There are 2 protein chains.
Amino acid sequence: MSNLKVAEKVRSSTRSKEKIREQNERIILIAAEKVFAKHGLKGATTKQIADMAKLPKSNIHYYFHTKLNLYRCVLESILVDWMKAADTFNTFDEPREAFRYYVGAKMDLSRVRPFGSKVWANEIISGAPEMEAVLSSRLKKWVDTCVGSINTWVELKKIINVGDAHTLLYMIWATTQHYADFEYQVKILNNGKRLTDAEFEEKKQQVIDLVLRSVGLNP
Amino acid sequence: MSNLKVAEKVRSSTRSKEKIREQNERIILIAAEKVFAKHGLKGATTKQIADMAKLPKSNIHYYFHTKLNLYRCVLESILVDWMKAADTFNTFDEPREAFRYYVGAKMDLSRVRPFGSKVWANEIISGAPEMEAVLSSRLKKWVDTCVGSINTWVELKKIINVGDAHTLLYMIWATTQHYADFEYQVKILNNGKRLTDAEFEEKKQQVIDLVLRSVGLNP
DNA sequence: AAAATATTTGACTACTTGGTCAGGTTATAA
DNA sequence: TTATAACCTGACCAAGTAGTCAAATATTTT
């Protein structure tokens, strides 16, 4: 038995523990997220994704058929994570805790899944051609709920009147996602060194404090 | 004399007032900014840019030689505007006025030149391959000055201690540029209607107030 | 007016791209 | 073991792509 065959045997026996399809789809999705983040939908090539996934190009098409379909799957998978973080916002009655946890969760997501955030940013920047439906239904609904909470807190004088609650929400999104989408710029302005975990935790706390003060809460 | 010839005569006599090259380069730069904003460097095609500029493709290459060179020219032209807005920051001694004017200027830029902001965002998201040099020299220098001003205000107790001044700067950039880069999302969440000039002015004021409060200043 | 220079553009090319497909191998069910 | 289904992949192709070029036209200079 050749070395190659041995390698294959080991590889396949490892893989059969979980469905082959499942594992390969995951590998491809992760690779695709990186490539789409860097080059966008049009700029990314299936060859690049294949190379990143260390699979032949045909294999990508076998599992996802078209580049557009793969792209949609990547977006969908990001949305799942985002919605989980979003849900934390509405589980708190007190604004201080709600903002603290939501901003914290968004910052954590920017840290652990920066490529996903970049793909999303690219999609919106290019006019949200694939995500318009999701934005105007699922996201809109969630935003309306949030705006409701914030307005209630304003009425109860728990926070300062910020005018349109959307403005506050956008500030939170923009600021937290900045650490993912613009991480290269952040790195360059940090003397070329990526933020360490400790530094990032520090920034996270500072962002939380900025947000809290912006709505009149003492951190 | 045919109508076509008459049209050409009028066109050329109009154009000869200013250098033909100057005018065509401007037309192409504007078209390229839109196309690069939508599709990024790799995704944009010279054909799309040509169509947008209503010129034959060869003409694009005649004036800018390569797509990459045209892209660099677009980035450079954006930077000029950004630096102008940036300079306003250091012309004020009082933090209240500095933040008010700088945030206002950044918001105005997002309103009048959203495509430029998107091209820039795309560039940074994809790793700033063309702008790294500019970021680590010109921008870094400006940021260092800003950070110095902010730290001085903290020492003089004019604003609250925000920890790392970069965090505050990033919040301002992210929040103001959000209205350019994510304008499609903003539109969708505004019930599909683009913000009117009046609405935008309102948002601008709210953003300014949020920023001022975040550093402990009463707007 | 003639010469020199600058602009315009259709036709072309070498190369890349997303996607197909046939013929193979591997895993699983009977 | 055998049959069936799932997976794998090199070779291929039609449709685009950035960039070239030469010939035509327009503009400026002399």
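Every chain is numbered on its own, with residues counted from 1 as its sequence reads. Here chains are named by letter from A upward and ligands by number from 1 upward, in the order in which they appear as written. Only residues with pLDDT of at least 70 get local features here, since the model is predicted, and only at 80 or more are side-chain atom pairs given and counted; chain-wide, interface and lining totals rely on the full set of residues. Note: side-chain values were computed over all heavy atoms of the structure, leaving out hydrogens and water.

Participant: I tried to follow the overall build of chain A on my own but got confused; where do I start?
Facilitator: A run of H or I in DSSP counts as a helix once it spans at least four residues, and a run of E counts as a strand once it spans at least two, with each numbered from the N terminus. Check the secondary structure of chain A and you find 11 helices and zero strands. Counting from the amino terminus, helix and strand elements in chain A follow one another as α-α-α-α-α-α-α-α-α-α-α. Projected onto the principal axes, the alpha-carbon positions of chain A cover approximately 75 × 40 × 35 Å. Across chain A, every contact between residues at least 6 apart in sequence was considered, and the portion connecting residues at least 24 apart equals 69%. Here the open area of atoms and residues is found with the Shrake-Rupley method and a 1.4 Å probe, where only the protein chains shown may cover a residue. Summing over all exposed atoms, chain A offers an accessible surface of approximately 10500 Å²; the carbon and sulfur share of this is 54%. Only heavy atoms matter for contacts: two residues are in contact if any of them lie within 4.5 Å across the pair.

Participant: Got a minute to help me understand the relation of the copies chain B and chain A in this structure?
Facilitator: These two copies of the chain differ by a rotation about an axis and a displacement along the same axis. The copies were overlaid with a least-squares fit restricted to C-alpha atoms from residues scoring a pLDDT of at least 70 in each copy. Taken as rigid bodies, chain B and chain A are interconverted by a rotation of 180° and an axial shift of 0.0 Å, the fit giving an RMSD of 0.0 Å. The superposition of one copy onto the other is thereby described by a two-fold rotation axis. The overlap is high: 96% of the interface residues of chain B also sit at the interface in chain A, so the same surface is used on both sides.

Participant: Please clarify how the environment of B:Phe36 should be interpreted in this entry.
Facilitator: Residue and element names in this part refer to chain B. Tracing the sequence through the fold places Phe36 in helix α2 (residues 20-43). It is 7.7 Å that separates the C-alpha atoms of Phe36 and Tyr71, two residues lying 35 residues apart in sequence. For Phe36, the contacting residues outside a window of four places in its chain are Leu41, Ala44, Ile49, Lys67, Leu70, Tyr71, Val74, Val119 and Asn122.

Participant: What is the right way to look at helix α6 (residues 95-112) of chain A in this model?
Facilitator: Structurally, the α-helix is built with 3.6 residues per turn, so residues lying three or four positions apart point the same way. Here a helix's expected span is defined as the number of its residues, less one, multiplied by 1.5 Å. If you check α6(A), its first and last C-alpha atoms are 25 Å apart, about what 18 residues at 1.5 Å a residue would give, namely 26 Å. Looking at the buried positions of α6(A), the neighbouring elements they touch are α5 (67-89), α7 (114-125), α8 (132-155), α9 (165-181) and α11 (197-214) of chain A.

Participant: Honestly, the domain arrangement of chain A in this entry has me stumped. Any pointers?
Facilitator: In many analyses, interface size is given as the accessible surface area lost on bringing the parts together. Residues and elements named next belong to chain A. Domains are outlined according to an automatic or database domain assignment. Taken domain by domain, chain A consists of domain 1 (1-65) and domain 2 (78-219). Each of domain 1 and domain 2 has a C-alpha centre, and the two are 32 Å apart. Contacts between the two partners involve five residues from domain 1 and, on the opposite side, seven residues from domain 2. Summed over both partners, the interface of domain 1 with domain 2 buries about 560 Å², with 63% contributed by carbon and sulfur atoms. Each of two parts loses accessible area, computed with a 1.4 Å probe, when they are put together; buried area is these two losses added. If you sort the residues of domain 1 by the area they bury against domain 2, Glu33, Lys34 and Ala37 come out on top, with a joint share of 74%. Basic side-chain nitrogens of Lys or Arg form a salt bridge, by our definition, when they fall within 4 Å of a carboxyl oxygen of Asp or Glu. For the pair domain 1 and domain 2, the interface holds one salt bridge. One salt bridge in this structure joins Glu33 and Arg113, with 2.7 Å as the shortest N-O distance.

Participant: Just to check I follow, could you spell out the interface of chain B and chain A for this structure?
Facilitator: Each partner contributes to the interface: chain B provides 52 residues, whereas chain A provides 50 residues. Between chain B and chain A, the buried area comes to about 4800 Å², and carbon and sulfur atoms account for 65% of it. On the chain B side of the contact with chain A, B:Ile125, B:Tyr170 and B:Leu189 bury the most area, a combined 16% of that side's loss. Counting every contact that joins chain B to chain A gives two salt bridges. Note that B:Lys203 is salt-bridged to A:Asp164, the shortest N-O span being 2.5 Å. For the purposes of these results, a polar contact is taken to be a pair of N or O atoms within 3.5 Å, where, inside protein, one atom must be able to donate a hydrogen and its partner to accept one; residues adjacent in sequence count only when each atom of the pair is a side-chain atom. Counting across the chain B and chain A interface gives 10 residue pairs in polar contact (both at pLDDT 80 or more).

Participant: I'm lost on the confidence of the model for chain A in this one. Help?
Facilitator: Low pLDDT marks regions whose predicted coordinates should not be analysed in detail. Residue-level confidence of the predictor is what pLDDT reports, using numbers from 0 through 100. Of the residues in chain A, 92% have a pLDDT of 70 or more, and the chain-wide mean is 91. Note on residues 1-15 of chain A: pLDDT is under 50 here. Beyond four places in sequence and across chains, it has four contacts.

Participant: Whenever I open this one, the packing of aromatic side chains confuses me. Can you help?
Facilitator: The geometry of an aromatic ring pair is captured by two quantities: the separation of the ring centres and the angle between the planes. Two rings from Phe, Tyr or Trp (for Trp, the six-membered ring) form a pair when their centres are within 6.5 Å of each other. A pair whose planes differ by under 30 degrees is stacked, one over 60 is edge-to-face, and the rest are tilted. Counted according to the given criterion, the structure contains 28 aromatic pairs over all chains. Both rings, one in A:Phe89 and one in A:Trp153, keep their centres 5.8 Å apart while their planes meet at 65°; by these two values the pair is edge-to-face. Taken as a pair, A:Phe89 in helix α5 and A:Trp153 in helix α8 lie far apart in primary sequence, 64 residues in all. Of the residues examined, A:Trp153 reaches a relative accessible area of 5% and is grouped as buried. Both rings, one in A:Tyr102 and one in A:Trp142, keep their centres 5.7 Å apart while their planes meet at 45°; by these two values the pair is tilted. With A:Tyr102 in helix α6 and A:Trp142 in helix α8, this pair connects stretches of sequence that are 40 residues apart. Partly exposed describes any residue whose relative accessible area lies between the buried limit of under 20% and the exposed limit of over 50%, with all areas from a 1.4 Å probe on protein chains only and scaled to the type maximum. The class for A:Tyr102 is buried, based on a relative accessible area of 2%. By the ring-pair criterion, three or more aromatic residues cluster together here, those being A:Phe89, A:Phe99, A:Tyr102, A:Trp142, A:Trp153, A:Tyr170, A:Trp173, B:Tyr179 and B:Phe200.

Participant: Is there a simple way to explain the packing of helix α5 (residues 67-89) of chain B against helix α8 (residues 132-155) of chain B in this structure?
Facilitator: All names here are of chain B. The contact between α5 and α8 brings their axes to 12 Å, and the two run at 15°. With respect to α8, the axis of α5 lies roughly parallel. Helix-helix and strand crossings are classified by hand; for α5 and α8 the assignment is left-handed. Counted together, Glu76, Leu79, Met83, Ala86, Asp87 and Phe89 of α5 and Val134, Arg138, Leu139, Trp142, Cys146, Ser149, Ile150 and Trp153 of α8 form the full contact between these two elements. Side-chain classes are defined by residue name, with Ala, Val, Leu, Ile, Met, Phe, Trp, Tyr, Cys and Pro counting as nonpolar, Asp, Glu, Lys and Arg as charged, and the others, Gly among them, as polar. Of the residues in the contact of α5 with α8, the class split is 10 nonpolar, one polar and three charged. Note on method: axes are straight lines fitted to C-alpha atoms, helices fitted across the in-contact stretch only, with angles between N-to-C directions ranging 0 to 180 degrees. For this classification, under 35 degrees means roughly parallel, over 145 means roughly antiparallel, 65 to 115 means roughly perpendicular, and everything else is oblique. Should the near helix be turned anticlockwise from the far one by less than a right angle, the crossing is left-handed, and should it be turned clockwise, the crossing is right-handed.

Participant: Is there a simple way to think about unusual backbone geometry in this case?
Facilitator: In terms of backbone geometry, most residues other than glycine have negative phi values and most peptide bonds are trans. One non-glycine residue, A:Lys157, adopts positive backbone phi at about 60°. Take A:Lys157: it is sitting in the loop between α8 and α9. In this structure, B:Asn191 takes a positive phi of about 60° despite not being glycine. Mapped onto the elements of the fold, B:Asn191 is located in the loop between α10 (183-189) and α11 (197-214).

Participant: What am I meant to see in the packing of helix α2 (residues 20-43) of chain A against helix α4 (residues 57-64) of chain A here?
Facilitator: The axes of two packed helices give the description: the angle between them and the distance between them. Residue and element names in this part refer to chain A. It is at 10 Å that the axes of α2 and α4 come closest, and there the two elements cross at 115°. As the angle between them shows, α2 and α4 are arranged roughly perpendicular. Considering the relative orientation of α2 and α4, their crossing is left-handed. Residues Ile20, Arg21, Asn24, Glu25, Ile28 and Leu29 of α2 lie in contact with α4, whose contacting residues are Asn59, Ile60, Tyr62, Tyr63 and Phe64.

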